[in-house]
Amino acid sequence: MPRGRYSLHDPHDRTPLAEEHFQCAPGPSGWRYVSRLTAPSGDHLGSVDLALDELGRPIRLELHAASWQVRGAALDGVTWVRTDPTGTHATEGNVRAHAFTGSSPAFLVATARLLRLTPSAPATRVRLVAFTDPVLAPLTVDQSWTLVEREAHATDNGPLTVDAYQVTALDTGEQHTVHLSGDVVLAAPGIELEDLESPPSVLD
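Under an unreviewed UniProt entry, the name given to the protein is Glycolipid-binding, and the source organism is Streptomyces prasinopilosus.

Account for the overall build of the protein, naming residues and giving values.
Within the protein, the secondary structure is distributed over one helix and 15 strands. Taking 17 Å as the expected radius of gyration for a compact globule of 204 residues, we find that the protein reaches 16 Å, a close match to that expectation. Expressed along its principal axes, the backbone C-alpha trace of the protein runs to roughly 55 × 40 × 40 Å. Going through the 204 residues of the protein one by one, you find that 44% of them count as buried. Long-range contacts, defined as pairs at least 24 residues apart, comprise 39% of the intrachain contacts of the protein with a sequence gap of at least 6. A total of about 10,400 Å² of accessible surface is found on the protein, and carbon and sulfur atoms cover 51% of it. If the 15 positive side-chain charges of the protein are averaged to one point and the 26 negative ones to another, these points end up 7 Å apart.

Explain the pairing of strand β6 (residues 68-74) residue by residue, including any values.
Where strand β5 (residues 58-65) meets β6, five bridges bridge the pair, whose relative direction is antiparallel. Bridge pairing in β6 links Leu61 to Gly72. Between β5 and the antiparallel strand that follows it, β6, lie two residues; Ala66 among them carries a positive phi value of about 50°. By the bridge criterion, six bridges tie β6 to strand β7 (residues 78-83) in an arrangement that is antiparallel. Its bridge partner lying in β7, Ala74 is registered against Val78. Count of turn residues in the β6/β7 antiparallel hairpin: three residues, of which Asp76 carries a positive phi of about 50°.

Go over the pairing of strand β13 (residues 175-181), please, and point to the residues and values.
Of the pairings in the sheet, the one linking strand β12 (residues 160-169) to β13 comprises six bridges and is antiparallel in character. Counted as the bridge partner of Ala164 is His179 from β13. Count of turn residues in the β12/β13 antiparallel hairpin: five residues, of which Gly173 carries a positive phi of about 80°. With three bridges connecting them, β13 and strand β14 (residues 184-188) associate as antiparallel partners. If you follow Ser181 over to β14, its bridge partner there is Val184. Where β13 hands over to β14, the hairpin turn is made up of two residues, of which Gly182 adopts a positive phi near 60°.

Rules of the game
Residues numbered from 1 in each chain as written. Predicted model: local features only at pLDDT ≥ 70, side-chain atom pairs only at ≥ 80, totals over all residues. Heavy atoms only, no water. Helix = DSSP H or I, 4+ residues; strand = E, 2+ residues; numbered from the N terminus. Rg over C-alpha atoms; globule rule 2.2 N^0.38 Å. Buried < 20%, exposed > 50% of the residue type's maximum accessible area, 1.4 Å probe, protein only. Contact = heavy atoms within 4.5 Å. Areas by Shrake-Rupley, 256 points an atom, 1.4 Å probe, with all protein chains shown as cover. Lys, Arg positive; Asp, Glu negative; His and termini not counted. Charge placed at Lys NZ, Arg CZ, Asp CG, Glu CD. Pairing = 2+ DSSP bridges.

Take a look at the structure:
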């Protein structure tokens with residue numbers, strides 16, 4: 001069960017945004033990731049709880065940020081309920097999309113698990129609903145994912161397989177690279193793995 005800490009920063013000017021303390025593990029029905037976020041000041045910022053089924057679809061998502069809350073799942077595309085800080089006005093959304101995304105590294109692992117790309121596979125298009133900081137506003141985005149390289153690195157615990165994905169935002173053409181090993185993000189724009197207490201889980 002990997003457990004560790006990511007640092008999140010602005011990918012353009014590297015301003016520190018948060019630290020995300022996480023743990024994740026494969027289970028009998030898929031994969032689960034839970035985390036809590038703290039500001040550089042140490043204040044609590046929010047939390048992430050994401051569970052996937054064996055096909056990589058989100059069967060439960062719960063996000064908390066700035067007193068806002070989102071609960072969602074894959075249902076007729078993806079469906080969610082977003083609740084305001086007072087709790088008096090809840091809004092429901094539904095989009096014909098494949099899954100969710102957001103600032104948490106969990107969503108990069110989840111998208112890779114959903115797509116299950118191979119190094120020889122062509123680019124795959126995916127539609128996601130992103131919940132944007134700091135108020136978890138929903139935004140539908142289209143991306144293209146390609147697995148450009150898979151390398152095995154020798155470690156004290158045996159070989160570590162690292163996948164390099166090229167992710168393209170289809171509305172702007174902006175491209176970036178995401179490095180994953182199992183269910184852990186090693187590096188991505190705005191994300192750095194600062195601490196890992198146990199090796200990544202190998203996801204089938």
